[in-house]
Structure formats: C-alpha cells, structure tokens
Amino acid sequence: MRQYVYENLPLAEVKDHFNAIESSAYSISLFTDWQNQHIREVWIKSRDKEGEVFDATTEFFGAKRATKKLHPIAELSAENCTEQMGVSGPWYERLPQLSHGLHA
C-alpha cells in the first residue's frame, strides 16, 4: 500500500468530479478547514497490486502533490501520521490516518 497527499483541491473540482476523485484509488480522504473554497488535503491510498496502482502525477484535479509529509491538522507535526510520499508498506501501517501507537 502507498499513500500520497495532495494540497488545495478546489471545491468546484470536487463538485464536478466527485465520482472520479473518490474512485481514483483504494481509499480517498478529504480534509478541510472550511476557511476557503478548497479541500486543504487529499490523502490517497493505493494498493501495490498490478492494475490498482495510483498514478501519482504532480497534479490531481487541480491539487498539487505535497512535497513534505503533512498532518490533517496543518498546525500539527506529521511525526505520528502514516507514511506518505508513496513509500510502500503493509496495509495496516497505511490505512489509518495516524499511526500513533502502531509501531513498537
């Protein structure tokens, strides 16, 4: 399983392409602070299985791929978040948003 994070997905894109966005990978999570007309972060989880790998282009429906690890709450450190940046790992280390307590 791999996880990618994109930033600043325009709400208009969500409205116009919701089904395409939600079906683009194994799991899609949208995080917003309701302050602007965009989804602040899109967390995309993709299986490594042939035919199911997400094509992690630099842009996703107008959102830009993150260049550093992020936390769903912008003010917090990504230290306890699941691995990002497309690093492959087992599903049980990627499906939760926060992996606090999952590692020994």
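The following paragraphs examine the structure supplied in this document. For clarity, every value in this text was computed on a predicted model and none was experimentally measured.

**Some thoughts on a nonpolar patch on the surface**
Together, Y26, W91, Y92 and L95 give the surface a local cluster of nonpolar side chains, amounting to about 470 Å² of exposed area. Within the element layout of this structure, Y26 appears in the loop between helix 1 (11-22) and strand 2 (27-31). Note on Y26: relative accessible area 48%, which makes it partly exposed.

**Overview of the environment of R2**
Structurally, R2 can be placed in strand 1 (residues 2-10). A relative accessible area of 28% means that R2 is categorised as partly exposed. For the pair R2 and G86, spaced 84 residues apart in the sequence, the C-alpha separation amounts to 4.9 Å. With residues near it in sequence (within four places) discarded, R2 still touches I44, K45, S46, D48, G86, V87 and S88. Within the local environment of R2, its side chain forms a polar contact with the side chain of D48, the two groups lying 2.8 Å apart. Among the polar contacts made by the side chain of R2, one reaches the main-chain carbonyl oxygen of G86 at a distance of 2.6 Å.

**Considering the sheet that holds strand 1**
The strands that make up a sheet are held in pairs by hydrogen bonds between backbone atoms, and each pair lies either parallel or antiparallel. Sheet architecture is open: five strands sit in the order 2-3-1-5-4, paired in antiparallel fashion. Only two strands of the sheet have a single partner each, and these edge strands are strand 2 and strand 4 (59-60). For strand 1 and strand 5 (residues 63-65), the ladder comprises two bridges, and the chain directions are antiparallel. Paired with E7 across the strands is K64, a residue of strand 5. The strands that helix 1 touches are strand 1, strand 2, strand 3 (38-46) and strand 4; relative to strand 1, the one it contacts most, it runs at about 150 degrees.

Rules of the game
- Residues numbered from 1 in each chain as written.
- Predicted model: local features only at pLDDT ≥ 70, side-chain atom pairs only at ≥ 80, totals over all residues.
- Heavy atoms only, no water.
- Patch = residues over 30% accessible without salt bridge, like charges linked within 9 Å, V, L, I, M, F, W, Y side chains within 5 Å.
- Areas by Shrake-Rupley, 256 points an atom, 1.4 Å probe, with all protein chains shown as cover.
- Salt bridge = Lys/Arg side-chain N within 4 Å of Asp/Glu carboxyl O.
- Helix = DSSP H or I, 4+ residues; strand = E, 2+ residues; numbered from the N terminus.
- Buried < 20%, exposed > 50% of the residue type's maximum accessible area, 1.4 Å probe, protein only.
- Contact = heavy atoms within 4.5 Å.
- Polar contact = N/O pair within 3.5 Å; in protein donor to acceptor, adjacent residues only side chain to side chain.
- Pairing = 2+ DSSP bridges.
- Axes fitted to C-alpha atoms, helices over the stretch in contact; angles between N-to-C directions.

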